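Architecture at a glance
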Amino acid sequence: MTTPRKALLVAALVCLWTTAHAEPPPKDRARLLFIEANQLFDRGMLQDALTLYRKARALYPSFKIDLNIGGTLDALGRRTEAAVYFERFLLNASKAPKGVSREAKRRLKSLRRKLGWIRLTCMLEGAVIMLDGRSVGRTPRDLPLYV
């Protein structure tokens, strides 16, 4: 085998090996985590499901994941956090099925009856918002602040 042919063969093998061992794209990894989280949720392992939903969202933010995080937080009794995720879902879910959006609105409405919330406006962009001595975000804030 001539030297150019050997070099071409080595290059082809390196490309095949790299492709075969490449990590799946973030969207695919997030989808797998999402599926596993759904299974944990169905088995009542809510905290473990929440952990995986959050990992999936960190890889690939999606309104679908926000909905599941909201539902899990609500099931855990963490109402203020759940309300935020239902708000995020509704803000970004223009392509969601109407029935799913209606259910998210219903759940948010139910949570709002149990919570206090405010809409915050500020002329200064990037100002730190403090609540009970801890930072809860910066201005501008599109979502209500639940308390």
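First things first, this report covers the structure right here in the doc. Predicted model, so just to flag it, every value in this text is computed and none were measured. (Residues numbered from 1 in each chain as written. Predicted model: local features only at pLDDT ≥ 70, side-chain atom pairs only at ≥ 80, totals over all residues. Heavy atoms only, no water.)

1. What to know about the side chain of Asp66
With respect to the secondary-structure elements, Asp66 resides in helix H4 (residues 63-75). Residue Asp66 is classed as buried on the basis of its relative accessible area of 2%. Engagement of the side chain of Asp66 in a polar contact is seen with the side chain of Arg57, the distance being 2.4 Å. Sequence-distant contacts of Asp66, defined by excluding residues within four places in its chain, comprise Arg57, Tyr85, Arg88 and Phe89. (Helix = DSSP H or I, 4+ residues; strand = E, 2+ residues; numbered from the N terminus. Buried < 20%, exposed > 50% of the residue type's maximum accessible area, 1.4 Å probe, protein only. Polar contact = N/O pair within 3.5 Å; in protein donor to acceptor, adjacent residues only side chain to side chain. Contact = heavy atoms within 4.5 Å.)

2. As for the packing of H4 against helix H5 (residues 79-92)
One can describe the packing of H4 onto H5 by two numbers: an axis separation of 8 Å at closest approach and a directional angle of 155 degrees. With respect to H5, the element H4 is oriented roughly antiparallel. Crossing of H4 over H5 shows left-handed handedness. Across from Phe63, Asp66, Leu67, Ile69, Gly70, Gly71, Leu73 and Asp74 in H4, the residues of H5 making contact are Glu81, Ala82, Tyr85, Phe86, Arg88, Phe89 and Asn92. Its residues assigned to classes, the contact of H4 with H5 comprises 8 nonpolar, 3 polar and 4 charged. (Axes fitted to C-alpha atoms, helices over the stretch in contact; angles between N-to-C directions. Parallel < 35°, antiparallel > 145°, perpendicular 65-115°, else oblique. Left-handed = near helix turned anticlockwise from the far one by under 90°. Nonpolar A, V, L, I, M, F, W, Y, C, P; charged D, E, K, R; others polar.)

3. What about the environment of Asp48?
Mapping Asp48 onto the fold places it in helix H3 (residues 46-59). On a C-alpha basis, the gap between Asp48 and Glu36 in space is 9.8 Å, while along the polypeptide they are 12 residues apart.

4. Things to note about the pattern of salt bridges
Charged atoms that come close allow side chains of opposite charge to pair. The final tally for this structure, using the stated rule, is 7 salt bridges. The residue Asp66 makes a salt bridge to Arg57 at a minimum N-O spacing of 2.4 Å. What makes Arg57 partly exposed here is its relative accessible area of 23%. Put simply, Glu103 and Arg106 hold a salt bridge, and the shortest N to O gap is 2.6 Å. Taken together, the residues Glu103 and Arg106, both in helix H6 (residues 98-114) and 3 residues apart, mark about one turn of the helix. Judged by its relative accessible area of 48%, Arg106 is partly exposed. A single network of salt bridges, built from pairs that share partners, joins Arg54, Arg78 and Glu81. (Salt bridge = Lys/Arg side-chain N within 4 Å of Asp/Glu carboxyl O.)

5. Some words on the environment of Pro140
Within the element layout of this structure, Pro140 appears in the loop between strand S3 (134-138) and strand S4 (145-146). For Pro140, a relative accessible area of 60% puts it in the exposed group. Separated by 19 residues in sequence, Pro140 and Thr121 place their C-alpha atoms 6.9 Å apart. Contact partners of Pro140, with chain neighbours within four places excluded, come to Glu125 and Gly126.

6. Thoughts on the packing of H5 against H6
Running from N to C, H5 and H6 cross one another at 145 degrees; their axes reach a closest spacing of 9 Å. Handedness of the crossing formed by H5 with H6: left-handed. Mapping the contact onto sequence places Arg79, Ala82, Ala83, Phe86, Glu87, Phe89 and Leu90 in H5 and Val100, Ser101, Ala104, Lys105, Arg107, Leu108, Leu111, Arg112 and Lys114 in H6. Per-class residue counts for the contact of H5 with H6 are 9 nonpolar, 1 polar and 6 charged.

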